[in-house]
Amino acid sequence: MNNGSLDRLPQHDSARWYAIYTKTNAEDRADYNLSAWGVETFAPRIKERRRSNTFGPAGYVLKPLFSRYIFARFDAGTMLHKISYTRGVHSVVAFAGIPAVVDDEAIEFIKMRIGEDGYIDLDEPFEPGDEVTIRDGSLRGLQGVFDRRLKDGDRVLILLTNVNYQARITIDSQFVAAMR
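Procedures and definitions
Residues numbered from 1 in each chain as written. Predicted model: local features only at pLDDT ≥ 70, side-chain atom pairs only at ≥ 80, totals over all residues. Heavy atoms only, no water. Core = buried A, V, L, I, M, F, W, Y, C linked by side-chain atoms within 4.5 Å. Buried < 20%, exposed > 50% of the residue type's maximum accessible area, 1.4 Å probe, protein only. Helix = DSSP H or I, 4+ residues; strand = E, 2+ residues; numbered from the N terminus. Salt bridge = Lys/Arg side-chain N within 4 Å of Asp/Glu carboxyl O.

Caption draft 1: Main features of the nonpolar core. Judged by nonpolar contacts, the single largest core of 14 residues is most densely connected at Ile20, Leu34, Val39, Ala72, Phe74, Ile83 and Val92. Put simply, the parts of the chain that give this core at least two residues each are strand E1 (16–22), helix H2 (27–36), strand E5 (69–74), helix H3 (76–84) and strand E6 (89–92). Ranked by the residues each element gives to this core, the list is headed by H3, at four residues. Grouped together as the second largest cluster of nonpolar side chains are eleven residues, Val132, Ile158, Leu160 and Val176 included.

Caption draft 2: Spatial organisation of unusual backbone geometry. Although it is not a glycine, Asn25 sits at a positive phi angle of roughly 55 degrees. Position of Asn25 among the secondary structure elements: in the loop between E1 and H2. Owing to a relative accessible area of 71%, Asn25 belongs among the exposed residues under this scheme. Its identity as a non-glycine residue notwithstanding, Arg68 has a phi of 70 degrees, on the positive side. Position of Arg68 relative to the elements: it lies in the loop between strand E4 (59–64) and E5.

Caption draft 3: Quick peek at the pattern of salt bridges. Following the criterion strictly, the structure yields four salt bridges and no others. The partner of Lys47 in a salt bridge is Asp117, and the shortest N-O contact between them spans 3.2 Å. Of this pair, Lys47 sits in strand E3 (residues 45–50) while Asp117 sits in the loop between helix H4 (104–112) and strand E10 (131–134), placing them 70 residues apart in sequence. What makes Lys47 partly exposed here is its relative accessible area of 35%. Its relative accessible area of 43% is what places Asp117 among the partly exposed residues. Arg73 is the salt-bridge partner of Asp104, the closest N and O atoms lying 3.1 Å from each other. Highlighted residues: Asp104 in helix H4 and Arg73 in strand E5, separated in sequence by 31 residues.

The values reported here are purely geometric and, on their own, carry no functional implication.
Structure (structure tokens):
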């Protein structure tokens, strides 16, 4: 960063949230190293359900919510250089040489989606009676009405509506999307 850009940094000596662009597959490393500097970080992660290519059970893959990005809260006026050269960090996201501040509300919105297991919940919050469509699997394209989520949390019960007769089916919730 050139010296002219430093003059345009926030001058109020307060920590703000910034998006950190990490090196490839280095989100955890950047998070760990920034935390070691005493920097508050937020590296949201998701559990993605994956079906096995064989007939084994489906499992979960843990991955970043935003590939190659984490968030860090720091005072850019005093810490930018140190943050930029931390192992695992590629750069601090900036526009015209000025680090881009991420609003506290945006971080809080993401944090509100963290489930009891510590991962971001990307499932749409269906309500009984919501019209849904099956977006993947052998029933892809069929439409129905959401009935309820089953105890295991991964499957939902829907009433199919686009066949000659009505039937209830149980399906993995990841295959269902709200109709808009």
